[in-house]
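Remarks on the overall topology
Next come the chains, spelled out residue by residue.
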Amino acid sequence: MVSLVAALLFLLLSFRSLSWALPAADAVRGRSHKNSGSIFCSTAKAPWLCPRDGTILPDVATSIGTAHGTVDGSAVRFAVKYANAERWQESNVVSTWELPDNATDVTAMPLACPQTALGSNAYSEDCLNMVLYVPTTATVSDELPILMWIHGGSFKEGSASDAGLTGSNLATATNSIVAVIQYRLGALGFMAPDGTTNLGLKDTINAMTFLQTIAPSFGGSGSKITVAGQSSGANMIRALLATPSAADLFASAILQSDPMNFGFLSTSGQGTLQSYYNSVINCSSSDATCWTALSLDSILSAQNNLLDAASTLEPSAGDAEPIRVVRDGTLITSPLDDTDTFPSVDKPILISTVKNEAGATIYSMFDSVLPDAYFSLVSAGTLGTDRTATVISSGFYPSMTNIAGVTDTRVRLEKLGTDEMWRCASSTFARNWVAHGGTAYVGLYTVGAVYSGNSFLEFCAQAGSVCHQADIEIVFGTVANPTSEQSALVDEIQARYRSFLHDGTPNASGYANWTPAGSVDVNVLNLGGSDPLEPAPAIFHSGAMQSNTTINFTTSNSPILGLSYSKLMVFFALPALHNTATIITCCIFTILFALYCSLIFPLSQNSNYDKFP
């Protein structure tokens, strides 16, 4: 008996001494092996065998191999490949832990997925990677919730390395694991020549499957995943909410600045775009040898051709996000809008927009003051004359002055665009969600932090403006030199997110109660201020505007005016002009202005939260 006890003590001491042993090379790299090689630490089967009560350290043993990380502020950062995929094939979750891009440097961030916004040395086709941020205080027995972030970028840009997406502060403040993921973009993610749809969306599903597998090793719970994202990333989350097969993979959702008036593409619309794309790459739908031989330059060049032609080929695609998720009837089974029966739901969701969502769009295209007469002209170019008359007579968009006190119709246009594409559509979505069994919390950011892509715009940089993307660094706590107002909002948002991640309600001690949305009043919370907010104009989501609920670009399937639009540095743009009368009017103010008129608000024939006649 004594010998048995002695043997057990020797085994225990051996485990502990091995875990504290630091090879010289690893000491030089600044890495710790305090958890290295011990499955007990990573599985929590015997956390008493781990130093410091199983604290998560830079090397962690997982069920698929040892994870190597690096300390990043208050968290440990792990870059990892979560799935493999052949070109234009569905991805598969990996079975071994592997650093992205065949890297050996654990501090390296993954290369982005292929995109025209970056040079070829900054991206890789083998790009299904994620970056985990785990609080240094986490232990393997904590069962922490996981926030999986899906970046924006109009389905064609962005990466886990985007500005402001460092997740250390957010992970620590929310006591959660933050996972910032990448997914295939543009044609590679959504335009497979054989007609397979939603490959990029399926990548995000595999990312959740991967997280469920490895979460326990890092002190996380695979049953407590919240999907969160901004702009097209939030659009992707809306698609996940419409995917019954993914329902068991996440518990709740956060949608920031989702342009909800963009619906999912129809299969017929996708087919039209797909046929055009195949003709540009000169590969048939069955010629896999042809697809695999294409260079990335050829694929991206053909993608640009499609983006230029999309709204002419298929008006419902719009001009800003023509390549996007498709309601295929198999994966995505509902449009989650007013065009079809809304399904029964049960998840808690958090929906937010910012004060000036359309600011970057309007002020990047019109760089000087516009007289009031231009309001009806531009509106008619986007909405048609009848709908414009209804908008004007509603009284919601009177003549307005800018910050200098000068009458400027850009102020009205920005308000109209924000309401139509984001704010009102989000309110309607929240009402539908609540009416069919779910819980929704709706917020509006009245304070933000100017995002790098908008810093060149005077309007977005001026005091009081909160443009699209201004919420990102607030949420992540990555604002450089924050003001006291910004710091206070960072603290509040992260406290609310912590509560939401842990128990599904965004209410935290010391802050105003966030009342859930109702079927009538959505109870929008002022994020950044204390003043009550006016409800979104009823003109966009009530019976105020009757008749058909989609924009009819022409009486046929093609727009009257087909223009190849240059890609301005804006997120959202409208397809071709609405009718002949508008075209004639706009031509009076030159063809260039006609182009501007056609690029204000992207309305989809497949999403109908607005009630325009």
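Residues numbered from 1 in each chain as written. Predicted model: local features only at pLDDT ≥ 70, side-chain atom pairs only at ≥ 80, totals over all residues. Heavy atoms only, no water.

**Points about the sheet that holds strand E11 (residues 252-256)**
The following threshold applies: Any two strands with at least two DSSP-identified bridges between them are counted as paired. What counts as a helix is a DSSP run of H or I of at least four residues, what counts as a strand is a run of E of at least two, and both are numbered from the N terminus. In this analysis an axis means a line fitted to C-alpha atoms, helices contributing only their contacting stretch, and an angle means the value between N-to-C directions, from 0 to 180 degrees. Any two residues whose heavy atoms approach within 4.5 Å at even a single point are treated as in contact.
If you walk across this open sheet you meet the 10 strands as E3-E4-E7-E9-E8-E10-E11-E12-E13-E14, and the pairing is mixed. Two strands bound the open sheet, and with one partner strand each, they are strand E3 (70-72) and strand E14 (525-527). Adjacent strand axes in the sheet meet at a mean angle of 25°, parallel and antiparallel pairs treated alike. Relative to strand E4 (residues 75-81), E3 runs antiparallel, the two being bridged by 3 bridges. Along E4, the bridge assignment pairs Thr70 with Arg77. With respect to the sheet, helix H7 (residues 232-241) is in contact with strand E8 (144-150), strand E10 (220-230), E11 and strand E12 (348-354), its orientation differing from that of E10 by roughly 130°.

**Let's talk about the side chain of Asn206**
Mapping Asn206 onto the fold places it in helix H6 (residues 199-214). Every residue in contact with Asn206, bar those within four places of it in the chain, is listed here: Tyr82, Ser91, Asn92 and Val93.

**A short note on the confidence of the model for the chain**
Formally: For every residue, the predictor states its confidence as a pLDDT score lying anywhere from 0 to 100.
Averaged over the chain, the pLDDT score is 82; the fraction of residues at 70 or greater is 78%. This model gives residues 1-54 a pLDDT under 50, and the stretch forms 63 contacts once residues within four places in sequence are excluded. For residues 542-613, every residue scores under 50 in pLDDT, and the model assigns this stretch 218 contacts once sequence neighbours within four places are set aside.

**Description of the pattern of salt bridges**
Our working definition: In the sections that follow, a salt bridge refers to a side-chain nitrogen of Lys or Arg positioned within 4 Å of a carboxyl oxygen of Asp or Glu. Exposure categories follow from relative accessible area, calculated using a 1.4 Å probe and restricted to protein chains: below 20% of the type maximum is buried, above 50% is exposed, and the middle band is partly exposed.
Evaluation of the coordinates by the stated rule reveals 13 salt bridges. Close ionic contact of Glu157 with Lys156 constitutes a salt bridge, the shortest N to O distance being 3.3 Å. The exposure class of Glu157 is partly exposed, given its relative accessible area of 28%. The closest approach of N and O atoms between Asp203 and Arg184, which form a salt bridge, is 2.9 Å. One end of the pair, Asp203, is in helix H6; the other, Arg184, is in the loop between strand E9 (177-181) and helix H5 (186-190), with 19 residues separating them in the sequence. Among the residues examined, Asp203 registers a relative accessible area of 0% and is labelled buried. Connected through salt bridges with shared partners, the residues Lys415, Asp419 and Arg423 form a single ionic network.

**A few points about the pairing of E11**
This is how the line gets drawn: Consider the strands pointing away from the viewer: the crossover is right-handed when the path from the first strand over the helix to the second runs clockwise.
With 5 of 5 residues buried, E11 lies mostly within the body of the structure. Residue alternation in E11 divides its side chains into two sets, Ser252, Ile254 and Gln256 and Ala253 and Leu255, and both sets are buried. Pairing of E10 with E11 involves 5 bridges; the strand directions are parallel. Among the inter-strand pairings, Gly229 is bridged to a residue of E11, identified as Leu255. A crossover connection joins E10 to the parallel E11 through H7; in handedness this β-α-β unit is right-handed. Two elements, E11 and E12, share 4 bridges in a ladder whose sense is parallel. Opposite Ala253, over in E12, you have Ile349 as the bridge partner.

**So, the state of the cysteines**
Keep this limit in mind: Any two cysteine sulfur atoms lying within 2.5 Å of each other are counted as a disulfide.
One pass over the full model with this rule turns up 3 disulfides. Each disulfide pairs two cysteine sulfurs, and for Cys113 the partner residue is Cys127, the sulfurs being separated by 2.0 Å. In this structure the cystine formed by Cys113 and Cys127 twists about its S-S bond by roughly 95°; its chirality is therefore right-handed. With Cys113 in the loop between strand E6 (92-93) and strand E7 (129-135) and Cys127 in the loop between E6 and E7, the pair connects residues that are 14 residues apart, well separated along the chain. Taking the relative accessible area as the measure of exposure, Cys113 reaches 1% and is therefore buried. Look at Cys127 and you get buried, because its relative accessible area is 1%. Here Cys460 pairs with Cys467 through a disulfide, and the sulfurs are 2.2 Å apart. Because the sign of the S-S torsion sets the handedness, a value of about -90° for the bond joining Cys460 and Cys467 places this disulfide among the left-handed ones. By the burial criterion, Cys460 is buried, and Cys467 matches it.

**A word on the nonpolar core**
What counts here: Remark: nonpolar core denotes a set of buried residues (Ala, Val, Leu, Ile, Met, Phe, Trp, Tyr, Cys) joined through side-chain atoms within 4.5 Å.
Counting 91 residues, the largest nonpolar core has Trp97, Met130, Leu132, Met148 and Phe218 as the members making the most contacts within it. Counting residues in each nonpolar core, the second largest holds 36 residues, with Val131, Ala160, Tyr451 and Leu489 among its members.

**Observations regarding unusual backbone geometry**
As a rule of thumb, non-glycine residues mostly have phi less than zero, and peptide bonds are mostly trans rather than cis. Here Ser154, not a glycine, exhibits a phi torsion of approximately 60°, which is positive. Along the chain, Ser154 falls in the loop between E8 and helix H4 (168-174). The exposure class of Ser154 is buried, given its relative accessible area of 7%. Phi at Phe155 takes a positive value of approximately 65°, unusual for a residue other than glycine. Here Phe155 shows up in the loop between E8 and H4. The exposure class assigned to Phe155 is buried, which follows from its relative accessible area of 1%.

**Let's talk about the packing of aromatic side chains**
We apply this condition: Pairing of aromatic rings covers Phe, Tyr and the six-membered ring of Trp, with a centre-to-centre limit of 6.5 Å; geometry is then stacked below 30 degrees between planes, edge-to-face above 60, and tilted otherwise. In this scheme, Lys NZ or Arg CZ marks a charge over a ring once it lies within 6 Å of the ring centre and within 35 degrees of the ring normal.
Within this structure, the stated rule accounts for 12 aromatic pairs. With centroids separated by 4.9 Å and ring planes inclined at 70°, the aromatic side chains of Phe78 and Phe218 adopt a geometry described as edge-to-face. Taken together, the residues Phe78 in strand E4 and Phe218 in the loop between H6 and E10 connect sequence positions 140 residues apart. Side by side, Phe78 and Phe218 carry an identical accessibility label, which is buried. Ring geometry for Phe342 and Phe429: centres 6.2 Å apart, planes at 65°, overall edge-to-face. Of this pair, Phe342 sits in the loop between helix H10 (296-313) and E12 while Phe429 is found in helix H14 (residues 409-435), placing the two residues 87 residues apart along the sequence. Side by side, Phe342 and Phe429 carry an identical accessibility label, which is buried. One aromatic cluster is present, formed by Phe78, Trp97, Phe210 and Phe218 through successive ring pairs. Here Arg412 stacks its cationic end above the ring of Phe375, 4.0 Å away from the centre of that ring.

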